[in-house]
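If you want the building blocks of each chain, they are given just below.
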Amino acid sequence: MPATYSLGRAPMHALSPVMYSLFLETEINFGGEGGLLAELLPNRDFETLGRGTIPGAAAVRSAPDPREPPADPHDFRPWTPIRGAALSIDNASAPFATNPHVLRVRGGAGSGASNPGYWGIAAWLNGWFQLHMYARSARGASLEARLVQDGATLSHARVDVPASGEWQHLKAWLPPTYTHTPRDAASFELVFAPGAAATSEVWLDSVSLRPSNAVGGLFRADIFQMLRGLRPGFVRMPGGNYLEGTGPRTRWDWKATLGPPAARKGHYNSAWGYWVTDAFGVYEMLMLAELLGSEPQLGVYTGFSMGARCVRAASKRASAIRMAPYLTRAAHCTFHMRQVRAAQRVGALRCRRGRSARLRQRRPGRLAVGRQARVDGSRGAVWSAPARDRQ
């Protein structure tokens, strides 16, 4: 007997608002830093030190390394010297103890440092850019920050560094100076202004450039609108391989992503082979879900990493003891998401980011415990039962 189907406009029953969701691996192929995040300058804190793939650099290492590669204290790529400037990594003084390396720039008028962005910086008509950076100079320095492409200056601003020898947090807006076709392969330059002495010197750290149209001041408008068009019920972050890493040093640690982005230590993303500054932290993830009108579901580390074989405990009590530190961190993560009294300390960190109000969440505190994984032992990681995904 042939089957008969009837189609109509009237809904038969309501669907769950979280039936359709978004799984976001925040750091894969520079999808977070260099993608969704509005930050335009790779290695803005000079802590990459040659580890892994470097966007815009002439020579790159793209193969993921199961261990954290050794740091090269002479590697400041993709920053390059221009017009005879001398660049070097220095760790004698820094505005943040967590990020001890800074860039020392020496030269005369018109010389300085250039950054190509993540394979080019897009400059659109009437587009402004906001610059934040830390700088110090014993004799003072006048700098010119600008976007250039094919010899044309697209946007620029002057930044004066006081002659105090102390670290200063400096800000500037770069207005557009072009009226023709938008550009998509500009570079950022920071040079000594005209009239500077031939022996001018300045130290730089956390040089950040973002477009004025960043959604919430955090996310690229074009990519954000694409995600918003998916209308996800919840967003699962920060992913699978990126969450677990290949060991304690290379996993994603949510507590390490609290506080000002310039002060975050960063870590080597061994799952995908490049250094991240941890600019896409737990605060940014919660804000992304709120701006999307969605719910956040954060993954928490269970003690197991890629390529690490699970050693089963001799008893349930022994297993509970081994899991206790990770369970405690997961509970703290829930407190931070819910913003209850028990989280006043981490809540204060959120307030210092400029957000004192509670985040709008229908079901705060959703967690994904563990991640997808092979369990037959043929290759990849081997996981125990507590590492399986649960809500």
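Please read all numbers here as calculations on a predicted model, not as lab measurements.

**Structural notes on the packing of aromatic side chains**
Piece 1. Using the criterion set out here, one finds eleven aromatic pairs in the structure.
Piece 2. Between the aromatic rings of W79 and F188, the centroid separation amounts to 6.4 Å while the plane-to-plane angle is 85 degrees, which identifies the pairing as edge-to-face. Taken together, the residues span a long stretch of sequence, with W79 in the loop between α1 (32-36) and β2 (80-82) and F188 in strand β11 (residues 183-192) at a distance of 109 residues.
Piece 3. The exposure class of W79 is buried, given its relative accessible area of 1%.
Piece 4. Here a set of aromatic residues connected by ring pairs shows up, and it is made of F30, Y118, W119 and Y274.
Piece 5. Seen from the ring of W275, R51 lies directly overhead, with NZ or CZ sitting 3.9 Å from the centre.

**A look at the confidence of the model for the protein**
Piece 1. For the protein, per-residue confidence averages 84 on the pLDDT scale, and 82% of positions sit at 70 or higher.
Piece 2. Across residues 374-391, confidence stays below pLDDT 50; counting only partners more than four residues off in sequence or on other chains, it has 47 contacts.

**A word on the sheet that holds strand β7 (residues 129-136)**
Piece 1. One open sheet accounts for five strands, arranged β3-β4-β12-β7-β10; its pairing is antiparallel. Two strands in the sheet have a free side with no partner beyond their single neighbour: β3 (86-90) and β10 (168-174). Averaged over all pairs of adjacent strands, the angle between their axes in this sheet comes to 35 degrees, without regard to strand direction.
Piece 2. Of the pairings in the sheet, the one linking strand β4 (residues 102-107) to strand β12 (residues 200-211) comprises five bridges and is antiparallel in character. Of the residues in β12, the one forming a bridge with R106 is E201.

**A word on the side chain of E39**
Piece 1. Within the fold, E39 resides in the loop between α1 and β2.
Piece 2. Of note is the side chain of E39, whose polar atom sits 3.1 Å from the backbone nitrogen of L209.
Piece 3. If we skip the residues at most four places from it in the chain, E39 touches R44, Y118, V207, S208, L209 and R210.

**Structural notes on the pairing of strand β16 (residues 295-300)**
Piece 1. Among the six residues of β16, six are classified as buried, and the element is accordingly described as predominantly covered.
Piece 2. The side-chain alternation of β16 yields two buried faces, one formed by E295, Q297 and G299 and the other by P296, L298 and V300.
Piece 3. Sheet analysis places strand β13 (residues 234-237) next to β16, joined by four bridges and oriented parallel. Bridge assignment links V235 to a residue of β16, and that residue is P296.
Piece 4. The sheet contact formed by β16 and strand β17 (residues 366-369) spans four bridges and is parallel. What sits directly across from G299, in β17, is A368.

What counts as what
- Residues numbered from 1 in each chain as written.
- Predicted model: local features only at pLDDT ≥ 70, side-chain atom pairs only at ≥ 80, totals over all residues.
- Heavy atoms only, no water.
- Phe/Tyr/Trp six-rings, centres within 6.5 Å; stacked < 30°, edge-to-face > 60°.
- Helix = DSSP H or I, 4+ residues; strand = E, 2+ residues; numbered from the N terminus.
- Buried < 20%, exposed > 50% of the residue type's maximum accessible area, 1.4 Å probe, protein only.
- Lys NZ or Arg CZ within 6 Å of the ring centre and 35° of its normal.
- pLDDT = per-residue confidence, 0-100.
- Contact = heavy atoms within 4.5 Å.
- Pairing = 2+ DSSP bridges.
- Axes fitted to C-alpha atoms, helices over the stretch in contact; angles between N-to-C directions.
- Polar contact = N/O pair within 3.5 Å; in protein donor to acceptor, adjacent residues only side chain to side chain.

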